[in-house]
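Fold and geometry: a report
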Amino acid sequence: MVSRLVLVLGDQVSPGLSALQEADKARDLVVMAEVMGEAAYVRHHPKKIAFCLAAMRKFAARLERDGWRVAYTRLDDAENSQSIVGELLRRAEAEGADSVLATEPGEWRLIEALSHAPIKVRQLPDTRFIASHAEFDAWAEGRKSLRMEYFYREMRRKTGLLMEGDDPAGGKWNFDHDNRKPASDDLFREGPLKFDPDETVNAVLDLVERRFPDNFGRLRPFWFATDADQANTALDHFLEHALPCFGDYQDAMLEGDRFLYHAVISPYLNAGLLDPLDICRRAEAEYRAGRAPINAVEGFIRQILGWREYVRGIYYREGPDYPRRNALNHQRKLPDFYWGGETRMNCVAHAVAQTRDEAYAHHIQRLMVTGNFALLAGVNPTELHEWYLAVYADAYEWVEAPNTVGMSQFADGGIIASKPYISSGNYISKMSDYCRGCAYKVTQKTGAGACPFNLLYWGFLDRHRDRFQGNPRMAQMYRTWDRMAADRRAAVLDGAQAILDRLSAGETV
Ligand SMILES: Cc1cc2nc3c(=O)[nH]c(=O)nc-3n(C[C@H](O)[C@H](O)[C@H](O)COP(=O)(O)OP(=O)(O)OC[C@H]3O[C@@H](n4cnc5c(N)ncnc54)[C@H](O)[C@@H]3O)c2cc1C
Ligand code: SF4
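Throughout, a residue's number is its position along its own chain's written sequence, starting from 1. Each chain gets a letter, beginning with A, and each ligand a number, beginning with 1, in the order they are written. Restriction of local features to residues with pLDDT of at least 70 applies here, the model being predicted, together with a cutoff of 80 or more for giving and counting side-chain atom pairs; totals for whole chains, interfaces and linings are based on all residues. Hydrogens and water molecules were not included; the side-chain quantities draw on all heavy atoms of the structure.

**Here's the deal with the sheet that holds strand S5 (residues 120–124)**
This is how the line gets drawn: Between any two strands, at least two bridges found by DSSP are needed for them to pair. Labels follow the DSSP assignment, with helices taken as runs of H or I lasting at least four residues and strands as runs of E lasting at least two, numbered in each case from the N terminus. Axes here mean lines fitted to C-alpha atoms, for a helix over just the part in contact, with angles spanning 0 to 180 degrees between N-to-C directions. Two residues qualify as a contact provided that any one of their heavy atoms is within 4.5 Å of a heavy atom in the partner residue.
Spatially, S3-S2-S1-S4-S5 is the arrangement adopted by the five strands of the open sheet, whose pairing is parallel. Strands at the two margins of the open sheet, each flanked by one partner only, are strand S3 (69–73) and S5. On average, each strand axis in the sheet is tilted by 25° relative to the strand beside it, whichever way the strands run. When strand S2 (residues 29–33) meets S3, the two strands line up parallel, connected through five bridges. What sits directly across from Leu29, in S3, is Arg69. Across the sheet, helix H5 (residues 108–115) is in contact with strand S1 (5–7), strand S4 (99–103) and S5; its angle to S5 comes to roughly 140°.

Written out as structure tokens, the structure reads:
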């Protein structure tokens, strides 16, 4: 009998992967390939590339231990064709295989490449999620608006997570209202569990150092988990040390603490080293055992059971053009300081420096600092999308694009967000200690030293008045703006324009 190939991609390192479940260990050949086509289509952060290659190498070794035949291509192999389809064709010829079993990739680009490959590829559903495409589409069908909250409640009912019969545990579906505390910088926090590189990781680090010397981001020190055992240990560490405070300080930002009470598990989860339902059940067990409060556990579970599943549903439902949408017609080039160039804005400088060092920033840094600035300044959302896709270790298009294009930039015209996530410096000042060390003054609303977020915020609202003034959730903002004295409004708009002019001229902002 002619054997089949079984494709396992870099973000599919899960033993329960549908393609592996369907395959026949005795006759099929697993194909895994490190290729430049994937490593270089955006300029990924070196830590992201290293994480991915190390996890792949370890997973291939595990499959072999489990009795699979694995054809593994290393990036430097002389015969490497440097593309996924190229490697499938090469292996098919050598093996005499005439078809490929695959699990649906997390990016339209690859789905289409496999669909058009000159060999038969069967793409199976990716069952490592809680909601299937059909379930999401059935929920979305016929609804006027696709708000995450209602989808999330359906997922709670479906899984029984944090349910008491038909009612939500703690009497409420959502405890977000309790979760907006700033953090004080004198608290002792454990931070994420860090792992010393082993032999496999060290070999990958040397390779990445050699092959991607100019990519933005620091490769070392490298401390990510790179196999399922380590990832599970990292999760246990989070559940024990950080989960109880996760809710309270979820939106807080501190100069001296890059991780606060966040889990830092998204690279592991998105690659397949952890399972989303298992994570939620383990978090729920902490609540049931009285070790973590409901606001923390509900908030954490909502991110995974709600947001993560929801953005995936939107990505596949909206189709391949989604990452290039630009509803607000924003055309500004991404400023150089996103790639480490100089900026006097302390909040942005910190979020970018942390991104460069760790390939990680938490949600509020992504949404309310770098995302907020880009939206207020009118940056082209496709350029910004490519930046987020490149710089974060957890970034795969199915999860990154809806967060960037939809949630953060309103470039999908309001499918995900009911209003743009914009704020003046006041929000950043309330939730962080960044403003204390900033060259700008957050309390200053006009003039040379005024916080750019203050100026650009009103500039944005003024520029997009036609689109947003009828939005009931924004009526208060427009009322405040309209109540301001005319000369003050003129001074604010002049200040906003001056910032935009400086950005256009490539001057430091
Ligand atoms: C502009 C922008 C881009 C983003 N890009 C990505 C991305 O490429 N990949 C990614 O996994 N997340 C992305 N997010 C969501 C979120 O910022 C990260 O999931 C989170 O910061 C990961 O860190 P953590 O593991 O410490 O998360 P925690 O804060 O500890 O949350 C726990 C888990 O919940 C899930 N989660 C939380 N928020 C979201 C969300 N909005 N969408 C999907 N899952 C969520 C993640 O799996 C995360 O690991 C983005 C958010 C924004 C605003
Ligand atoms: S003053 Fe403005 S630019 Fe400076 S850190 Fe605060 S919010 Fe950011």
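**Digging into the pairing of S4**
Side-chain direction in a regular strand flips from residue to residue, so the side chains alternate between the two faces of the sheet. Rule in force here: Accessible area is worked out with a 1.4 Å probe on protein chains only. A residue is then buried under 20% of its type maximum, exposed over 50%, and partly exposed in between. Here is how to tell: hold the view so the strands point away, follow the path from the first strand over the helix to the second, and if it runs clockwise the crossover is right-handed.
With five of five residues buried, S4 is to be regarded as a mostly interior element. Residues of S4 alternate between two faces, with Ser99, Leu101 and Thr103 on one and Val100 and Ala102 on the opposite face, all of them buried. Two strands pair when backbone bridges link them, and S4 and S5 are joined in this way by five bridges, in the parallel orientation. In the sheet register, Val100 faces S5, and the bridge partner there is Val121. Following the backbone out of S4, through H5 and into the adjacent parallel S5, one traces a crossover that is right-handed.

**Focus on the site of ligand 2**
Convention followed: We call a residue near a molecule or strand when any one of its heavy atoms sits within 4 Å of it. Under the grouping applied here, Gly and all other residues not named as nonpolar or charged are polar, the nonpolar ones being Ala, Val, Leu, Ile, Met, Phe, Trp, Tyr, Cys and Pro and the charged ones Asp, Glu, Lys and Arg.
Within the structure, ligand 2 sits among Met345, Asn346, Cys347, Gly425, Ile428, Tyr434, Cys435, Cys438, Tyr440, Val442, Cys451 and Phe453. For the shell around ligand 2, the secondary-structure elements that each account for two or more residues are helix H14 (346–358) and helix H18 (425–431). The residue makeup of the shell around ligand 2, split by class, is 10 nonpolar, two polar and no charged.

**Quick look at the site of ligand 1**
Filter applied, for reference: Each polar contact in these results corresponds to two N or O atoms within 3.5 Å; when the atoms are within protein, one needs to be able to donate a hydrogen and the other to accept it, and residues that are neighboring in sequence are counted only if both atoms are side-chain atoms. Note on areas: Shrake-Rupley with a 1.4 Å probe; residue coverage comes only from the protein chains shown.
Surrounding ligand 1, one finds 28 residues, the nearest of these being His262, Ala263, Val264, Asn270 and Tyr360. At 3.1 Å, a side-chain N or O of His363 approaches an oxygen atom of ligand 1. Separating a nitrogen atom of ligand 1 from a side-chain N or O atom of Arg366 is a distance of 3.4 Å. Computed on the free molecule, ligand 1 has an accessible area of 810 Å², of which 99% lies beneath the protein chains in the complex. At the level of secondary structure, the elements contributing two or more residues to the shell around ligand 1 comprise helix H11 (266–271), helix H13 (294–318), helix H15 (363–377) and helix H17 (397–408). Examining the composition of the shell around ligand 1, we find that six residues originate from one element, H17, more than from any other. Residue classes in the shell around ligand 1 are distributed as 15 nonpolar, nine polar and four charged.

**Side note on the side chain of Thr343**
For Thr343, the position within the fold is in the loop between H13 and H14. Reaching out from Thr343, the side chain makes a polar contact with the backbone nitrogen of Met345 at a distance of 3.0 Å. A polar contact of 2.7 Å, which involves the side chain of Thr343, links it to the backbone oxygen of Val509. Once residues within four sequence positions are removed from consideration, Thr343 is found in contact with Phe337, Val348, Ala349, Thr508 and Val509.

**Overview of H13**
Note that an α-helix has 3.6 residues per turn; residues three or four places apart therefore point the same way. Put simply, the test is: A helix is expected to reach a length of 1.5 Å times the quantity of its residues less one. Two axes are fitted around each residue, one to the seven residues ending there and one to the seven starting there, and the angle between them is reported as the bend at that residue.
The end-to-end C-alpha distance of H13 is 34 Å, a good match for the 36 Å that 25 residues give at a rise of 1.5 Å each. For H13, the principal kink sits at Arg302 and spans about 35°. Within H13, 21 of the 25 residues are buried, which leaves it mostly tucked inside the rest of the structure. Where H13 terminates, the next one or two residues include Gly319, which has phi positive at roughly 95°.

**Re the packing of aromatic side chains**
Two numbers describe a pair of aromatic rings. These are the distance of the centres and the angle of the planes. Worth spelling out the cut-off: Aromatic rings from Phe, Tyr and Trp, taking only the six-membered ring of Trp, are treated as a pair when their centres fall within 6.5 Å; an angle between ring planes under 30 degrees marks them as stacked, one over 60 as edge-to-face, and anything in between as tilted. Definition used: whenever NZ (Lys) or CZ (Arg) falls within 6 Å of the ring centre and also within 35 degrees of the ring normal, the charge is taken to sit over that ring.
Inspection of the entire model under this criterion finds 33 aromatic pairs. Seen in terms of ring centroids, Phe151 and Tyr310 are 6.3 Å apart; in terms of plane orientation they differ by 45°. Their pairing is tilted. Of this pair, Phe151 sits in helix H7 (residues 148–159) while Tyr310 sits in helix H13, placing them 159 residues apart in sequence. Arranged with centres 5.6 Å apart and planes meeting at 85°, the rings of Trp307 and Tyr310 form a pair that is edge-to-face. Of the two residues, Trp307 and Tyr310 are both situated in helix H13; the distance of three residues between them amounts to about one turn of the helix. Among the aromatic residues, those joined into a cluster by ring pairs are Phe51, Phe222, Trp223, Phe224, Phe259, Tyr268 and Tyr360. In this arrangement the basic side chain of Lys48 is found over the ring face of Tyr396, its NZ or CZ atom lying 5.7 Å from the centre.

**Let's talk about the environment of Tyr287**
On the secondary structure map, Tyr287 appears in helix H12 (residues 276–288). Along the primary structure Tyr287 and Glu298 are separated by 11 residues, whereas in three dimensions their C-alpha atoms are 9.0 Å apart. Residues within four places of Tyr287 in sequence aside, it is in contact with Leu162, Ala169, Gly170, Ala292, Pro293, Ile294 and Val297.

**Here we look at the pattern of salt bridges**
Two side chains carrying opposite charge are able to pair once their charged atoms lie near each other. Note the cut-off: By convention in these notes, a salt bridge is any Lys or Arg side-chain nitrogen within 4 Å of a carboxyl oxygen on Asp or Glu.
Under the counting rule described, the total for this entry stands at 41 salt bridges. Residue Glu95 is joined to Arg69 by a salt bridge in which the shortest nitrogen-to-oxygen separation is 2.7 Å. Of the two residues, Glu95 sits in helix H4 (residues 84–95) while Arg69 sits in strand S3, which places them 26 residues apart along the sequence. What makes Arg69 partly exposed here is its relative accessible area of 35%. Notably, a salt bridge pairs Arg220 with Glu209, separated by 2.9 Å at the nearest N-O pair. A residue pair is termed long-range when its members are at least 10 positions apart, and Arg220 in the loop between helix H8 (199–211) and helix H9 (228–241) and Glu209 in helix H8 qualify at 11 residues. Its relative accessible area of 43% is what places Glu209 among the partly exposed residues.

**Regarding the environment of Phe224**
You can see Phe224 is positioned in the loop between H8 and H9. For the pair formed by Phe224 and Lys48, sequence separation is 176 residues and the distance between their alpha carbons is 9.6 Å. Not counting the four nearest positions on each side in its chain, Phe224 is found in contact with Lys47, Phe51, Phe195, Gln230, Tyr268, Glu358 and Ala393.

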